[in-house]
Amino acid sequence: MNIRFYNAKILQTAENHTFHIVEGELWVKGDSIVYVGENSATAETAAENAGSGKEAPAWDREIDAAGNLLMPGFKNAHTHTAMTFLRSYADDLPLQDWLNQQVFPREGQLTEDDVYWLNILGIMEYLTSGITSNFDMYFFPPVNAKASADTGFRTVQTSGLNNYGGTVELMEENYHIVNELSDLTSFIVGFHAEYTTSKELMEGVAKLAQKLKSPVWVHNSETKLEVAECKERWGITPTQLTDSLGMYEYGGGGYHCVWFEDSDFEIFQKRNLTAVTNPASNLKLASGICPVKRFVDNGISMAIGTDGPASNNCLDMFREMFLTSTLAKVREMDAECISADEILYMATAGGAHAMLLDDCDSLAEGKKADIIMIDLQQPNMQPENNIVKNLVYSGSKQNVKMTMVNGKILYEDNQFNIGFDKKEIYRHANEIIGRMK
Ligand SMILES: [Zn+2]
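No experiment lies behind these values; they were computed from the predicted model shown.

Peer 1: Could you give an account of the domain arrangement of the chain, with specific residues and numbers?
Peer 2: Per the domain assignment, the segments of the chain are domain 1 (2–72 + 365–416) and domain 2 (74–356). On a C-alpha basis, the centroid separation for the pair domain 1 and domain 2 is 29 Å. Taken together, the contacts link 23 residues of domain 1 with 25 residues of domain 2. Listed by contribution, the elements that provide at least two residues to the side of domain 1 that touches domain 2 are helix H14 (387–394), strand S15 (400–405) and strand S16 (408–412). Residue contributions to the side of domain 1 that touches domain 2 peak at five residues, all from H14. Of the residues in the side of domain 1 that touches domain 2, the class split is twelve nonpolar, seven polar and four charged.

Peer 1: I'd like to hear about the sheet that holds strand S10 (residues 216–220), residue by residue, with values.
Peer 2: Within the open sheet, the eight strands sit side by side as S6-S7-S8-S9-S10-S11-S12-S13. Their pairing is parallel. Edge positions in the sheet fall to strand S6 (74–79) and strand S13 (301–304), since each has one partner strand and no second. With direction set aside, neighbouring strand axes in the sheet form an average angle of 25°. Taken together, the five bridges between S10 and strand S11 (residues 252–256) define a ladder with parallel strand orientation.

Peer 1: I'd like to hear about the nonpolar core, residue by residue, with values.
Peer 2: One finds Leu26, Leu70, Val205, Met321, Leu344 and Leu363 to be the most contacted residues of the largest nonpolar core, which totals 129 residues. Sequence-distant contacts of Val205, that is, excluding residues within four places in its chain, are made with Leu161, Val168, Val189, Phe191, Val216 and Met247.

Peer 1: Let's hear about helix H3 (residues 112–128): which residues, and what values?
Peer 2: Helical periodicity: at 3.6 residues per turn, an α-helix aligns residues three or four positions apart in one direction. Here H3 is 17 residues long and its end C-alpha atoms lie 25 Å apart, about the 24 Å a rise of 1.5 Å per residue gives. Counted residue by residue, H3 has twelve buried out of 17 residues, so it is predominantly covered. Listed as buried for H3 are Asp114, Val115, Trp117, Leu118, Asn119, Ile120, Leu121, Gly122, Ile123, Met124, Tyr126 and Leu127. Phi for Gly130, located one or two positions after H3, is positive at around 75°.

Peer 1: How would you summarise unusual backbone geometry if you had to cite specific residues and measurements?
Peer 2: Each neighbour pair has its own omega, and for Asn312 with Asn313 the value is 5°, a cis peptide bond. Position of Asn313 among the secondary structure elements: in the loop between S13 and helix H12 (317–332). Across the junction of Gln382 and Pro383, the peptide omega takes the value -10°, indicating a cis bond. Within the fold, Pro383 resides in the loop between strand S14 (371–374) and H14. Although it is not a glycine, Phe140 sits at a positive phi angle of roughly 55°. Here Phe140 lies in the loop between strand S7 (131–137) and helix H4 (141–151).

Peer 1: Outline H4, listing residues and values.
Peer 2: Counting buried positions along H4 yields eight of eleven residues, so the element is predominantly enclosed. Inspection of H4 places Pro141, Val143, Asn144, Ala145, Lys146, Ala147, Ser148 and Thr151 among the buried residues, and these make up the whole buried set. In this structure, the buried side of H4 is in contact with H3, S7, strand S8 (154–158), helix H5 (168–181), strand S9 (185–193) and S16.

Peer 1: Please set out the packing of H12 against helix H13 (residues 340–354) residue by residue, giving values where relevant.
Peer 2: Running from N to C, H12 and H13 point in directions that differ by 135°, and their axes come no closer than 10 Å. The angle between the axes of H12 and H13 places the two elements in the oblique class. Note that H12 runs across H13; the crossing there is right-handed. Between H12 and H13, the contacting residues are Met317, Met321, Thr324 and Ser325 on the first element and Ala340, Ile343, Leu344, Met346 and Ala347 on the second. Among the residues making up the contact of H12 with H13, the classes are represented as seven nonpolar, two polar and no charged.

Peer 1: Give me the environment of Gln415: which residues, what numbers.
Peer 2: Tracing the chain through its elements places Gln415 in strand S17 (residues 415–416). For Gln415, a count of 9 C-beta atoms within 10 Å gives the class exposed. Distance in space between the C-alpha atoms of Gln415 and Met402 is 9.1 Å, their sequence separation being 13 residues.

Reading the values: rules and limits
Residues numbered from 1 in each chain as written. Predicted model: local features only at pLDDT ≥ 70, side-chain atom pairs only at ≥ 80, totals over all residues. Domains from an automatic or database assignment. Contact = placed C-beta atoms within 7 Å. Helix = DSSP H or I, 4+ residues; strand = E, 2+ residues; numbered from the N terminus. Nonpolar A, V, L, I, M, F, W, Y, C, P; charged D, E, K, R; others polar. Pairing = 2+ DSSP bridges. Axes fitted to C-alpha atoms, helices over the stretch in contact; angles between N-to-C directions. Core = buried A, V, L, I, M, F, W, Y, C linked by C-beta atoms within 7 Å. Buried ≥ 20, exposed ≤ 12 C-beta atoms within 10 Å, placed from the backbone. Expected span 1.5 Å × (residues − 1). Parallel < 35°, antiparallel > 145°, perpendicular 65-115°, else oblique. Left-handed = near helix turned anticlockwise from the far one by under 90°.

Take a look at the structure:
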């Protein structure tokens, strides 16, 4: 499809993690952005404005953005999508009780078919929140990837390998299956966490990462207890341990990163690792508050994730952005400590870079067309004193008018275009949890 957006405000990435807005039009040809520039009365004059050598494609659609905002889609940099079936099923428990007594016994009953349908429910929710790709850790990565490819959604899969499920050999197999499945799907090496994984398995992960030249991702220092027990077992922190095993030759990072010590920050700096913060999950499970300002001050890359829908319980990057910002401020008791631009950068480009999706990080010629339209004609986005601040502090998923992934509009004006009837997806989700004991 060739799609021309005109009369748009277009969010552009500037230096030092800041943004500016240009008014004009944006052209999508196939899966890519081919032009961002000034408004033109017609497609033909737009072609002239674009300069020599630029021909306006034959348009399948021309969309009047009516002054609304086009911006890069949000990147949900840590989630467990298929956990949609456990949303609001078992809440208000400490992390270990919640995991061991509620989550693990029911996850053990999931079939591959279940996981497929539960993924699609999650993908629908992502689209309504302007999320155009997820960094997903769950059972059956090829099934998760197929659900994404079938609906047109972009996904990066990692492994949740631990002592209770999976092998390094299976991860290597999944790496190839998912990377080769579709141009929407990719795979990066990972495992669940230090506290669920033996040293022998972790050594196997490190070897595989070196063989595949892959980064490594893992839940890291989510709770105070996790770090204390790791130090009791090994005398060092989870970051020191994983680094000492040779995990990070090709980069990677950690999910949560709440209880960090000086040496952990140094390792993240030295290895060029990324910290993904998951503020709603950390609040709901009473895990703690991520030291966001220290990561930023130390020049460590950051991204934002929702974590799974059983521990959040929603997949909404607006809520995560607001919490990332306000928790950082209250942790430091300093309202100046982080800017709205920095937070928006984490939620878009920061996530893209963490997920090795550099061609999805911004709206520029040659980038993939992973684009959302934000409805500015709603009271919570007015006046337009500062659109970036409006997005972070007063924005909401109600403002997401359109979500495009890889040049295809998958969600527009509350309607899904993913090849499935939403009622069928809801029926599957309720049936799956309904038969569990
Ligand atoms: Zn998680």
